[in-house]
Amino acid sequence: MLEVRGLAAIRSDRLVFGSVSFAVPAGGALLLVGPNGSGKSTLLRLLAGLGRAELGSVLWQGEEVLADRTGQGARVAYVGHQDAVKPGLTAAENLGRGAVPALAAMGLQRLADLPARMLSAGQKRRLALARLVLRQVPIWLLDEPTLGLDTASVARFGVMLAAHRAQGGVVVAATHLPLPLPEASEFAFA
Amino acid sequence: MLRRDLRLSLRHGSDTLAALLFFVLTASLFPLAIGPAPETLARLAPGIVWVCALLAALLPLDRLFGADFEDGTLDQLLLSGQPPAMVAAMKALGHWLTTGVPLLLAAGPVALMLGMQAEVVPALLAGLLLGTALLSLFGMTGASLVLGARRGGVLLPLLVLPLVAPVLIFGVAAADAVASGQSPRAHLLLLAALLAAALPLCPLAGGAGLRSAAE
């Protein structure tokens, strides 16, 4: 279970959000909704241990996690706005070891040996999502994960999400588009 | 991660090649500017090789973390479960292997081209071996600190050059000592001591820089 208590973030002397609290049970999903600039991305980076919280705590299985940000990094998979895809490497090389099943999960197996610079924006995003399968971690943090994806890919991504949740994984996603996350709770930013 | 960086730099060899060409070209400008008198050139050769190698090693620093920072790879590296200091250390090692080692290989021929006596070359190379490793460590630290800053490229040499000034002084002194018939041991030991201090400290500082850049 992922639990957030009274979290507050300040960026360049401006309060992004104050006192965010929620809990996501094992196998659960949480959608972060709110207007642009309301702090959804900041919260996701903070949960990943990339950002710094001003106040509050994040608990995973009842233990505080923000004190050990390296340890928290090993527990989460994060898909941000950038795809972290190196154009000079092939799709398979971008993922590294165990790439084949991960590529297949997003329907990219035929593009495995293609340099990533030849991929379209949607295909790069699919490659970034394929990395989720590879990580084998309990917490998925997704920032607009389906931006630029076609319907078939969104369906494939839905299968991935369902498999992850069936194994007891947790998903926290910020999005403006409908995501294939049945029975997800919502957290609305002001 | 190191393998991935090396594969990337092998595939676009331009960064390594640019540093190497810069080194060889600037060093070969000196005979044109100073005049080809062999004794003058031989006297200046250690200094020329060192300054050119130092500036050439600075060239690729700007992109050391820049590309990773912009395309989101840095976030993924910090989430890999490795401590940030480890990520920084691997980057420094990558910089040394792709820039320091080629410079080291080119330094011998360049020094001989400038008319350096053959018996001075081993001391010069021994100094450069330690020196390029130090340049990679200090350079990586500087690059991580200016990451995300506007005009970081301008700030970077200002930050790194004062740090590497002692490296330059002892490196040139080692070669000069041999040229004047003394032992280069003291100067090389001082360089080794600098390296022993920088080896654990620079990755820690670099890791902290990466953390704050990601925030």
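As shown above, the structure is provided for reference.
This one's a predicted model, so the numbers in the text were calculated from it and none came from an experiment.

Asker: Give a detailed account of the overall build of chain A, specifying residues and quantitative values.
Answerer: A count of helices and strands for chain A gives six helices and nine strands. A globule of 190 residues ought to have a C-alpha radius of gyration of about 16 Å, and chain A, at 16 Å, matches this closely. Along the three orthogonal principal directions, the C-alpha set of chain A runs to about 45 × 35 × 30 Å. Within chain A, buried positions represent 41% of all 190 residues. When contacts within chain A are restricted to residue pairs at least 6 apart in sequence, long-range pairs at least 24 apart make up 65% of them.

Asker: Account for the overall build of chain B, naming residues and giving values.
Answerer: Counting secondary structure elements, chain B contains nine helices and zero strands. Each helix (α) and strand (β) of chain B, taken in turn from the N terminus, gives the series α-α-α-α-α-α-α-α-α. Computed over its C-alpha atoms, the radius of gyration of chain B comes to 18 Å, within 12% of the 17 Å expected for a compact globule of 215 residues. Overall size of chain B, expressed as C-alpha extent along the three principal axes, is 55 × 35 × 30 Å. Taken across its 215 residues, chain B has 46% of its residues classed as buried. Within chain B, contacts between residues separated by at least 24 positions form 80% of all contacts whose residues are at least 6 apart in sequence.

Asker: Please set out the nonpolar core residue by residue, giving values where relevant.
Answerer: Counting 121 residues, the largest nonpolar core has Ala130 and Leu141 of chain A together with Val49, Ala53 and Leu134 of chain B as its most contacted members. Take this core: its biggest share by element is 13 residues, from helix 7 (residues 121-145) of chain B. The residues touching Ala130 of chain A, leaving out its near neighbours within four places in the chain, are Leu95, Ala102, Leu103, Ala105, Met106 and Leu108 of chain A.

Asker: Just give me the short version of the interface of chain B and chain A, but keep the residues and values in it.
Answerer: Listed per partner, the contact involves 16 residues of chain B and 17 residues of chain A. Of all the secondary structure elements, the ones that give two or more residues to the side of chain B that touches chain A are helix 1 (2-11) and helix 5 (73-78) of chain B. A total of four residues in the side of chain B that touches chain A trace back to one element, the largest contributor, which is helix 5 of chain B. Tallied by class, residues from the side of chain B that touches chain A come to five nonpolar, six polar and five charged.

Asker: Which residues make up the sheet that holds strand 1 (residues 2-11) of chain A, and what values do they have?
Answerer: Residues and elements named next belong to chain A. Strands sit in the order 2-1-4-5 across an open sheet of four strands; the sheet is antiparallel. Each edge of the open sheet is held by one strand with a lone partner, namely strand 2 (14-24) and strand 5 (63-64). Note that strand 1 and strand 2 share seven bridges and pair antiparallel. If you follow Val4 over to strand 2, its bridge partner there is Phe22. Sheet strands in contact with helix 1 (residues 40-47) are strand 1, strand 2 and strand 4 (55-60), and its direction is about 120° off that of strand 1.

Asker: How would you summarise unusual backbone geometry if you had to cite specific residues and measurements?
Answerer: All names here are of chain A. One non-glycine residue, Asp13, adopts positive backbone phi at about 60°. Locating Asp13 in the fold gives a position in the loop between strand 1 and strand 2. Among the residues examined, Asp13 registers 5 C-beta atoms within 10 Å and is labelled exposed. A positive phi angle, close to 55°, is found at Ala84, a residue other than glycine. Here Ala84 is to be found in the loop between strand 6 (76-79) and helix 3 (91-95). Its 20 C-beta neighbours within 10 Å are what place Ala84 among the buried residues.

Asker: Tell me about helix 7 of chain B, residues and numbers included.
Answerer: Compared with an ideal rise of 1.5 Å per residue, which puts 25 residues at 36 Å, helix 7 of chain B spans 35 Å between its outermost C-alpha atoms and is within 8% of the ideal. Burial of helix 7 of chain B is extensive: 21 of the 25 residues sit out of reach of the surface.

Asker: Explain the packing of helix 7 of chain B against helix 8 (residues 152-179) of chain B to me, and be specific about the residues and the numbers.
Answerer: Residue and element names in this part refer to chain B. Following both chains from N to C, one finds helix 7 and helix 8 inclined at 175°, their axes separated by 9 Å at the closest point. Here helix 7 lies roughly antiparallel to helix 8, going by the angle between them. On helix 8, the residues that touch Ala123, Leu124, Gly127, Leu128, Gly131, Leu134, Leu135, Phe138, Gly139, Gly142, Ala143 and Leu145 of helix 7 are Leu156, Leu159, Val160, Leu163, Val164, Val167, Gly171, Ala174, Ala175 and Val178.

Asker: If you had to explain the environment of Val24 of chain A to someone new, which residues and values would you point to?
Answerer: Residue and element names in this part refer to chain A. Relative to the helices and strands, Val24 resides in strand 2. Separated by 153 residues in the primary sequence, Val24 and Leu177 have C-alpha atoms spaced 21 Å apart. Apart from residues no more than four positions distant in its own chain, Val24 is found in contact with Met1, Leu2, Leu30, Val170 and Val172.

Asker: Break down the packing of helix 2 (residues 14-34) of chain B against helix 6 (residues 84-113) of chain B for me, citing the residues and quoting the values.
Answerer: All names here are of chain B. Two elements in contact, helix 2 and helix 6, have axes separated by 9 Å at closest approach and are oriented at 25°. For the element pair helix 2 / helix 6, the angle class is roughly parallel. Crossing angle aside, the handedness with which helix 2 passes helix 6 is right-handed. Each of Thr16, Ala19, Leu20, Phe23, Val24 and Ala27 in helix 2 lies in contact with helix 6, whose residues at this interface are Thr98, Thr99, Pro102, Leu103, Ala106 and Val110. Along the lines of polarity and charge, the residues of the contact of helix 2 with helix 6 split into nine nonpolar, three polar and no charged.

Asker: Can you lay out the sheet that holds strand 7 (residues 139-143) of chain A for me, pointing to particular residues and giving the numbers?
Answerer: Residues and elements named next belong to chain A. The strand order across the open sheet formed by five strands is 6-7-8-3-9, and the pairing between neighbours is parallel. On the outer flanks of this sheet lie strand 6 and strand 9 (185-188), each paired with one strand and no other. Each neighbouring strand pair of the sheet contributes to a mean axis angle of 15°, computed without reference to strand direction. Pairing of strand 6 with strand 7 involves four bridges; the strand directions are parallel. Bridging across to strand 7, Tyr78 finds its partner in Leu141. Here helix 5 (residues 121-135) sits on the sheet in contact with strand 6 and strand 7, set at roughly 175° to strand 6.

Procedures and definitions
By convention here, each chain's residues receive numbers from 1 onward along its written sequence. In the order they appear in the text, chains get letters beginning with A and ligands get numbers beginning with 1. For a predicted model such as this one, the threshold for reporting local features is a pLDDT of at least 70, and the threshold for listing and counting side-chain atom pairs is 80 or more; totals across whole chains, interfaces and linings nevertheless cover every residue. Numbering of helices and strands starts at the N terminus; helices are DSSP runs of H or I of at least 4 residues and strands are runs of E of at least 2. For a compact globule the rule gives 2.2 Å times the number of residues to the power 0.38, and the radius of gyration it is set against comes from C-alpha atoms. Backbone-placed C-beta atoms define the burial measure: a residue is buried with 20 or more other C-beta atoms within 10 Å of its own, exposed with 12 or fewer, and partly exposed in between. What counts as a contact here is a pair of residues whose C-beta atoms, placed from the backbone, lie within 7 Å. Nonpolar core, as used here: buried Ala, Val, Leu, Ile, Met, Phe, Trp, Tyr and Cys residues forming one set through C-beta atoms within 7 Å. When residues are grouped by polarity, Ala, Val, Leu, Ile, Met, Phe, Trp, Tyr, Cys and Pro land in nonpolar, Asp, Glu, Lys and Arg in charged, and all others, Gly among them, in polar. When DSSP finds at least two bridges between two strands, those strands are taken to pair. Lines fitted to C-alpha atoms define the axes here, with helix axes fitted over just the stretch in contact, and angles between the N-to-C directions of these axes take values from 0 to 180 degrees. One less than the residue count of a helix, multiplied by 1.5 Å, gives the span that helix is expected to have. Working definition: roughly parallel below 35 degrees, roughly antiparallel above 145 degrees, roughly perpendicular at 65 to 115 degrees, and oblique for all remaining angles. Each helix crossing is assigned a hand: it is left-handed if the near helix lies turned anticlockwise from the far helix by less than a right angle, otherwise right-handed if that turn is clockwise.

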